[in-house]
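Observations on the three-dimensional arrangement
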Amino acid sequence: MPVPARLDDFPLADEDRRQLAEIVRVLDEVLGRVLIGAYLHGSAVLGALHPRSDIDVLAVSSRETTPEEKDRLIDRMLEISGRYPGSGPPRRIELTVVVGSEVHPWRYPPHRDLQYGEWLREGFERHDPELWRPVADPDLAVLCTMVLLGDAALVGPPPSQVIDAVPWADYLEASLAEIPSLVADIAADPRNVVLTLVRIWSSIVSGQVLAKDAAAEWALPRLPVEHRPVLARARDIYLGTRQEDWGDLVDALPGFVDAVVAEVHLATSTEPRR
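Once that is clear, we can look at the overall build of the protein. The number of helices and strands found in the protein is 12 helices and 7 strands. Against the globule reference of 19 Å for 274 residues, the protein gives a C-alpha radius of gyration of 18 Å, in line with a compact fold. Projected onto the principal axes, the alpha-carbon positions of the protein cover approximately 55 × 40 × 40 Å. By the burial criterion, 55% of the 274 residues in the protein qualify as buried. Expressed as a percentage of contacts within the protein between residues at least 6 apart in sequence, the contacts between residues at least 24 apart total 67%. Entry remark: accessible area of the protein is about 12,200 Å², with carbon and sulfur atoms responsible for 52%.

Listed below in structure tokens is the structure:
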């Protein structure tokens, strides 16, 4: 099943289109008529796929997937997803499956049926049963917001026909709920944590959902000078202009996190401008 021509408006390299086509093919083979639609989100629709960007896909099904269907989806994602921290191709894949009734009508927090991401690879390889179970997932408010903004259907009807509008308050609540786990992951995944924190900060203040590099550009002049090197490093690694190397800035990471979290807490007392 080819990637629809309507995605031609997005700056995707040929190898990215081939990988997306493979994801769609897997979804179609495993879910068939149960698949309502599959939608691109994340960097690809907010700006562009950079060398270290993941391919992010939200699949909407008409019912919960069976254990066998989950097994087949996971096995194929393990095969076709690039591994962290490589810059591909192939790219790392984040695939999230949600039942349509969880997002239309909208409810918060909706339940996630299944999620595959490279940070979960070891858990899937050792067959951690928790990863197979549906779970309430506030982060779906963030994913669905990006899906609706991107309006990029890989298969199925436009996302606005499948996913209800996400209240801005739910988007912000989900973003804030993500902060403790981000802070805990700073040593393991500094680039992603740094950029995600500033995207949360920029969303609260500006009322917009920015790509990670755009959020970094927004935040840099607003940061105290001593914390700017950390953010500039994360941006440059994300854009592919620098190798993933934090050796000289490891000691600066906790101070950066504290500064941005403090800005987030300060900003939550002010209504975002939309």
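Put simply, helix α1 (residues 14-31) and helix α3 (residues 67-80) touch, their axes get as near as 10 Å, and they point 165° apart. Judged by the angle between their axes, α1 and α3 are roughly antiparallel. Where α1 crosses over α3, the two elements pack in a sense that is right-handed. The segment α1 lies against α3, with Q19, E22, I23, V26, L27, E29, V30 and L31 engaging E69, R72, L73, R76, M77 and I80. Grouping the amino acids of the contact of α1 with α3 by side-chain chemistry returns 8 nonpolar, 1 polar and 5 charged.

Attention shifts here to the packing of aromatic side chains. The tally for this structure, following the rule as stated, stands at 4 aromatic pairs. Ring centres 5.1 Å apart and planes at 85° place the aromatic pair W201 and W218 in the edge-to-face group. On the criterion of sequence distance, the pair formed by W201 in helix α9 (residues 190-206) and W218 in helix α10 (residues 212-219) is long-range, its members being 17 residues apart. Per residue, the accessibility class of W201 equals that of W218, and both read buried.

Attention now moves to α9. A rise of 1.5 Å per residue sets the reference length of α9, with its 17 residues, at 24 Å; its end C-alpha atoms lie 24 Å apart and thus fit the reference within 8%. Of all the 17 residues making up α9, 15 are buried; the element is thus mostly covered by neighbouring parts of the structure. At the exit of α9 stands G207, carrying a positive phi of roughly 75°.

Checked against the element boundaries, L78 lands in helix α3. Between the C-alpha atom of L78 and that of R199, which follows or precedes it by 121 residues, the distance is 28 Å. Those residues in contact with L78 that sit more than four places away from it in its chain are Y116, R121 and E125.

The rules behind the values
Residues numbered from 1 in each chain as written. Predicted model: local features only at pLDDT ≥ 70, side-chain atom pairs only at ≥ 80, totals over all residues. Heavy atoms only, no water. Helix = DSSP H or I, 4+ residues; strand = E, 2+ residues; numbered from the N terminus. Rg over C-alpha atoms; globule rule 2.2 N^0.38 Å. Buried < 20%, exposed > 50% of the residue type's maximum accessible area, 1.4 Å probe, protein only. Contact = heavy atoms within 4.5 Å. Areas by Shrake-Rupley, 256 points an atom, 1.4 Å probe, with all protein chains shown as cover. Axes fitted to C-alpha atoms, helices over the stretch in contact; angles between N-to-C directions. Parallel < 35°, antiparallel > 145°, perpendicular 65-115°, else oblique. Left-handed = near helix turned anticlockwise from the far one by under 90°. Nonpolar A, V, L, I, M, F, W, Y, C, P; charged D, E, K, R; others polar. Phe/Tyr/Trp six-rings, centres within 6.5 Å; stacked < 30°, edge-to-face > 60°. Expected span 1.5 Å × (residues − 1).

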